[in-house]
Amino acid sequence: MAACDANYCFTLVDLGAEGRQSDGGIFQRSDIGIAFESNLLNVPPAENILENCTLSFVLVGDEAFALKTYMMRPFPRNSLTYEKKIFTYRLSRARRTIESAFGILASRWRIFRKPISVFGDCR
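Because the structure is predicted, anything quoted here is derived from the model rather than measured.

Here the focus is a nonpolar patch on the surface. Judged by side-chain polarity, Phe10, Val13, Leu15 and Phe102 come together as a nonpolar surface patch covering roughly 410 Å² of accessible area. On the accessibility criterion, Leu15 (75% relative accessible area) is exposed.

In structure tokens, the structure reads:
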């Protein structure tokens, strides 16, 4: 589980879950998820960018993640209005940053292109 900024720099990383598990479940049980839920991270406070517009710092996730005050995710795909389609499209464009960051990581260090066995046979 990882988060990155707009410059493809990983800012939060949590290792140890198997890849076949649900992303939402992994996040909920990870140190990152627990820290966000407990408000333990040093996340900057919301800022007023216009007279009637306050923006908070949030994570951007896909449909697998639960909707929280610190998490933005797309609308469910059934019966989307035009505005919801636009929002979902723009949110998916923001999610491309983390996908690209993992692609850059895997192209630079080829070991990340396949599963890494970190635990020996414990029998």
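Let us look at the nonpolar core. In this structure, Ala3, Phe27, Ile32, Phe36, Leu59, Phe65, Tyr70 and Met71 together form the largest nonpolar core, which totals 8 residues. With residues up to four places along the chain from it excluded, the contact list for Met71 reads Phe27, Leu59, Val60, Gly61, Phe65 and Ala66.

This part covers the pattern of salt bridges. In total, this model carries 2 salt bridges according to the counting rule given. Linking Glu37 and Lys68 is a salt bridge whose minimum nitrogen-to-oxygen distance equals 3.5 Å. Of the two residues, Glu37 is situated in helix α2 (residues 31-37) and Lys68 in the loop between β5 (59-60) and β6 (71-72); the sequence distance between them amounts to 31 residues. Residue class for Lys68 comes out partly exposed when judged on its relative accessible area of 36%. Note that Arg77 and Glu63 form a salt bridge whose closest N and O atoms lie 3.2 Å from each other. With Arg77 in the loop between β6 and α3 (82-108) and Glu63 in the loop between β5 and β6, the pair connects residues that are 14 residues apart, well separated along the chain. A relative accessible area of 68% means that Arg77 is categorised as exposed. Residue class for Glu63 comes out partly exposed when judged on its relative accessible area of 34%.

Rules of the game
- Residues numbered from 1 in each chain as written.
- Predicted model: local features only at pLDDT ≥ 70, side-chain atom pairs only at ≥ 80, totals over all residues.
- Heavy atoms only, no water.
- Patch = residues over 30% accessible without salt bridge, like charges linked within 9 Å, V, L, I, M, F, W, Y side chains within 5 Å.
- Areas by Shrake-Rupley, 256 points an atom, 1.4 Å probe, with all protein chains shown as cover.
- Salt bridge = Lys/Arg side-chain N within 4 Å of Asp/Glu carboxyl O.
- Buried < 20%, exposed > 50% of the residue type's maximum accessible area, 1.4 Å probe, protein only.
- Core = buried A, V, L, I, M, F, W, Y, C linked by side-chain atoms within 4.5 Å.
- Contact = heavy atoms within 4.5 Å.
- Helix = DSSP H or I, 4+ residues; strand = E, 2+ residues; numbered from the N terminus.

Honestly, that's just the spatial picture; any functional story needs more than this.
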